[in-house]
Amino acid sequence: GQNIDQPTEMTATEGAIVQINCTYQTSGFNGLFWYQQHAGEAPTFLSYNVLDGLEEKGRFSSFLSRSKGYSYLLLKELQMKDSASYLCAPSSIRDSWGKLQFGAGTQVVVTP
Amino acid sequence: GAVVSQHPSWVICKSGTSVKIECRSLDFQATTMFWYRQFPKQSLMLMATSNEGSKATYEQGVEKDKFLINHASLTLSTLTVTSAHPEDSSFYICSARVRRDTQETQYFGPGTRLLVL
């Protein structure tokens, strides 16, 4: 099974930086996904980390520490459109089909 | 990224009817697709894993006779909600697994909103 823990909500102002932490306990850990989900819409893929370290993609970066069971998503130069729920989802090699279990998500609110 | 479509995007039906939702991978072949359900202000809940040419695998607590899944081709999976009731009203979302070299991703369809009256 998996335990996924991420904060429920975070608020930041436009132009700021926000870091969303995610801790997990996953048997046979095989990588971690981050998705963005706007209200009423389906999730959108943001990143996939399988090795330790930081992966940067424009304003969004994702970090993984396998030994600590820890990941974070860093959102820089926040824009109003970044207001959304951010979902952390570890995957497991114990599941050959690669199914994902999602955390409850972190609601990021960007204020002017 | 890869494109996954769902049809219909909205369904309103009477209690007791069956509703079929289609999930298509538009520019790639997906041997594995997943079906999720999401109630308002709740997280995505995985319902089942759909593999092309074989029976779907359902998560604990999901009734396989009520939620029929068919993955007849490498680009199409369908979810049929049989004898729908108001408590089945939800946001149903499919995703397709894509593996390219060492990279693995799941792309989601836009979702289908089901309202059972």
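In case you missed it, the structure is sitting above this.
Residues numbered from 1 in each chain as written. Chains lettered and ligands numbered in written order. Predicted model: local features only at pLDDT ≥ 70, side-chain atom pairs only at ≥ 80, totals over all residues. Heavy atoms only, no water.

Student: Looking at this structure, I do not really get the sheet that holds strand 8 (residues 76–81) of chain B. What am I missing?
Tutor: Pairing between the strands of a sheet is mediated by backbone hydrogen bonds and can be parallel or antiparallel. Residue and element names in this part refer to chain B. Here we have 4 strands laid out as an open sheet, ordered 1-3-8-7, and antiparallel in their pairing. Either end of the sheet is taken by a strand with one partner, and the two such strands are strand 1 (4–7) and strand 7 (67–73). Taking the axes of each pair of neighbouring strands and ignoring which way they run, one obtains an average angle of 15° across the sheet. Both strand 7 and strand 8 contribute to a ladder of 5 bridges, which runs antiparallel. Bridge assignment links S73 to a residue of strand 8, and that residue is L76. (Pairing = 2+ DSSP bridges. Helix = DSSP H or I, 4+ residues; strand = E, 2+ residues; numbered from the N terminus. Axes fitted to C-alpha atoms, helices over the stretch in contact; angles between N-to-C directions.)

Student: Would you take a moment to explain the interface of chain A and chain B for this structure?
Tutor: How big an interface is tends to be reported as the loss of accessible area on association of its parts. Chain A puts 19 residues into the contact, and the matching count from chain B is 25 residues. The contact between chain A and chain B buries some 1700 Å² in all, and 54% of this surface belongs to carbon and sulfur atoms. Connecting chain A to chain B are 0 salt bridges. Linking chain A with chain B are 4 residue pairs in polar contact (both at pLDDT 80 or more), by the criterion used here. For the side of chain A that touches chain B, the elements supplying multiple residues, two or more each, are strand 4 (29–37) and strand 5 (44–49) of chain A. Its residues assigned to classes, the side of chain A that touches chain B shows 11 nonpolar, 6 polar and 2 charged. (Contact = heavy atoms within 4.5 Å. Buried area = accessible area lost by both parts, 1.4 Å probe. Salt bridge = Lys/Arg side-chain N within 4 Å of Asp/Glu carboxyl O. Polar contact = N/O pair within 3.5 Å; in protein donor to acceptor, adjacent residues only side chain to side chain. Nonpolar A, V, L, I, M, F, W, Y, C, P; charged D, E, K, R; others polar.)

Student: Explanation requested: the pattern of salt bridges in the structure shown.
Tutor: Two side chains that carry opposite charge are able to pair once their charged atoms sit near each other. Under the definition given, this model contains 4 salt bridges over all chains. A salt bridge links D82(A) to R59(A); its shortest N-O distance comes to 2.7 Å. Residue D82(A) is found in the loop between strand 8 (70–75) and strand 9 (84–92), and its partner R59(A) is found in the loop between strand 6 (53–57) and strand 7 (60–65); the two are separated by 23 residues along the sequence. Two residues, R24(B) and E22(B), come together in a salt bridge whose shortest N-O distance is 3.4 Å.

Student: In this structure, what is going on with the state of the cysteines? I would like to understand it.
Tutor: In protein structure, a disulfide is the covalent linkage between the sulfur atoms of two cysteines. Residues and elements named next belong to chain B. Applying the stated criterion across every chain, the model contains 2 disulfides over all chains. Here C23 is linked by a disulfide to C94, with a sulfur-sulfur distance of 2.0 Å. Note on the C23 and C94 pair: the S-S dihedral is about 80°, so by sign convention the disulfide is right-handed. Linking C23 in strand 3 (residues 19–25) with C94 in strand 9 (residues 90–100), this pair joins segments that are 71 residues apart in sequence. Here C23 matches C94 in class, with each residue buried. (Disulfide = S-S within 2.5 Å. Buried < 20%, exposed > 50% of the residue type's maximum accessible area, 1.4 Å probe, protein only.)

Nothing here speaks to function; it is all geometry.
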